[in-house]
Amino acid sequence: MASDFSAAGVRVPDSELARETTELVRDAASDLIYDHSRRVYFFGALQARNRDLSFDPELLYIAAMFHDLGLGESFHGSGRRFEVDSADEARRFLRARQVPEDSIRRVWTAIALHTTPGIPEFMEPEVALVTAGVEYDVLGIGYHDLTEADRAAVVALHPRPDFKQRILEAFTEGIRSKPETTFGNVKADVLAHYVPGFERGDFVRTILDSPWAE
């Protein structure tokens, strides 16, 4: 149904690549991650209007849909940041379909940097807008930039029951087995709250305790 693919005047791209992306994430991810990822696309596209940004809808959609796949159980032992696992999955998917390398680079970067505030907003629109969509849906940053009607339309299409607690649980389970990957990034806060005994990395101590004499 067309209504499954549009909200608040934003449409999901109707291309083979976008359809394959939807099918892959629908099969690989939980309902929580699937619905969140779709909202990230819609909210990112809506924020593009406010910021007067032109973007490639297909690339934004693919990046939004893949951005949290690295939280899945199959990646728990990777030893890499989940953002990098997610980005690498998207890159494999796109290279297998002969997508141009510059497009792949933009998708990879958008995913890899989506939890690194203060940088994506100055990069290509697709990179900036994935982070904008994530920040809107997870953190409520820019909440009042969108109208109540637009928010309601997106959430009606992809509801968010008990989302705050459920996404925090997903983050915790996705990174619990590789706590070292949270050094210097926002996910350390998650483990500090939810994993007993977690010790946050200390940048100052890392410098002072390095093998250099001075």
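It should be noted that the structure appears before, not after, this text.
Reading the values: the criteria
- Residues numbered from 1 in each chain as written.
- Predicted model: local features only at pLDDT ≥ 70, side-chain atom pairs only at ≥ 80, totals over all residues.
- Heavy atoms only, no water.
- Core = buried A, V, L, I, M, F, W, Y, C linked by side-chain atoms within 4.5 Å.
- Buried < 20%, exposed > 50% of the residue type's maximum accessible area, 1.4 Å probe, protein only.
- Helix = DSSP H or I, 4+ residues; strand = E, 2+ residues; numbered from the N terminus.
- Contact = heavy atoms within 4.5 Å.
- Polar contact = N/O pair within 3.5 Å; in protein donor to acceptor, adjacent residues only side chain to side chain.
- 1 Å grid on protein atoms, 1.4 Å probe; cavity = no way out; pocket = protein on both sides within 12 Å on 5 of 7 lines; lining within 4 Å.
- Points joined across faces, edges and corners; volume = space filled by probe spheres on them.
- Nonpolar A, V, L, I, M, F, W, Y, C, P; charged D, E, K, R; others polar.
- Expected span 1.5 Å × (residues − 1).
- Patch = residues over 30% accessible without salt bridge, like charges linked within 9 Å, V, L, I, M, F, W, Y side chains within 5 Å.
- Areas by Shrake-Rupley, 256 points an atom, 1.4 Å probe, with all protein chains shown as cover.
- Salt bridge = Lys/Arg side-chain N within 4 Å of Asp/Glu carboxyl O.

Asker: How should I be thinking about the nonpolar core in this particular structure?
Answerer: Note that soluble globular proteins tend to have their nonpolar side chains buried in a common cluster. Core analysis: the largest hydrophobic core is formed by 56 residues, its most contacted members being Y41, L94 and V107. When residues of this core are traced back to their parent elements, those giving at least two are α1 (16-28), α2 (31-51), α3 (57-66), α4 (82-95), α5 (101-112), α6 (125-139), α8 (163-175) and α9 (187-194). Contact partners of Y41, with chain neighbours within four places excluded, come to V10, R11, V12, P13, P57, L60, Y61 and A64.

Asker: I keep staring at unusual backbone geometry and nothing clicks. Help me out?
Answerer: Excluding glycine, residues mostly carry a negative phi; peptide bonds, for their part, are mostly trans. Positive phi outside glycine occurs at A8, with the angle close to 55 degrees. Tracing the chain through its elements places A8 in the loop between β1 (6-7) and β2 (10-11). With a phi close to 55 degrees, Q98 is a non-glycine residue in the positive phi region. Within the element layout of this structure, Q98 appears in the loop between α4 and α5.

Asker: Please explain the side chain of D88 as it appears in this structure.
Answerer: Looking at where D88 falls in the secondary structure, it is placed in helix α4. Engagement of the side chain of D88 in a polar contact is seen with the side chain of W108, the distance being 2.8 Å.

Asker: What am I meant to see in empty space enclosed by the protein here?
Answerer: Unfilled space is identified by rolling a water-sized probe across the atoms. Inspection of the entire model under this criterion finds one cavity of 30 Å³ or more. Taken together, R81, F82, E83, I175, T181, T182, N185 and K187 form the lining of the largest cavity. Class assignment for the residues of the lining of the largest cavity results in two nonpolar, three polar and three charged.

Asker: How should I be thinking about α2 in this particular structure?
Answerer: Three or four residues apart is the spacing at which side chains of an α-helix point the same way, because the helix has 3.6 residues per turn. Between its terminal C-alpha atoms α2 stretches 30 Å, which fits the 30 Å expected from 21 residues at 1.5 Å a residue. Of all 21 residues making up α2, 17 are buried, and the element is well covered by its neighbours.

Asker: Explain a nonpolar patch on the surface to me, please; I cannot follow it from the model alone.
Answerer: Taken together, the side chains of F183, F203, V204, I207 and L208 define a hydrophobic patch exposed on the protein surface, amounting to about 520 Å² of accessible area. Secondary-structure assignment places I207 in helix α10 (residues 203-208).

Asker: Explain the layout of surface pockets here, please?
Answerer: If you add up the space inside the largest pocket, you get close to 470 Å³. Looking at the lining of the largest pocket, the elements that each hand over two or more residues are α6, α8 and α9. Taken together, the residues of the lining of the largest pocket break down into twelve nonpolar, five polar and seven charged. Elements supplying a minimum of two residues to the lining of the second largest pocket: α1, α2 and α8.

Asker: Is there a simple way to think about the pattern of salt bridges in this case?
Answerer: Counted by the stated rule, this structure contains 18 salt bridges. A salt bridge links R106 to D102, with the shortest nitrogen-to-oxygen separation between them at 3.6 Å. In this pair, R106 and D102 are both assigned in helix α5, four residues apart and thus about one turn of the helix distant.

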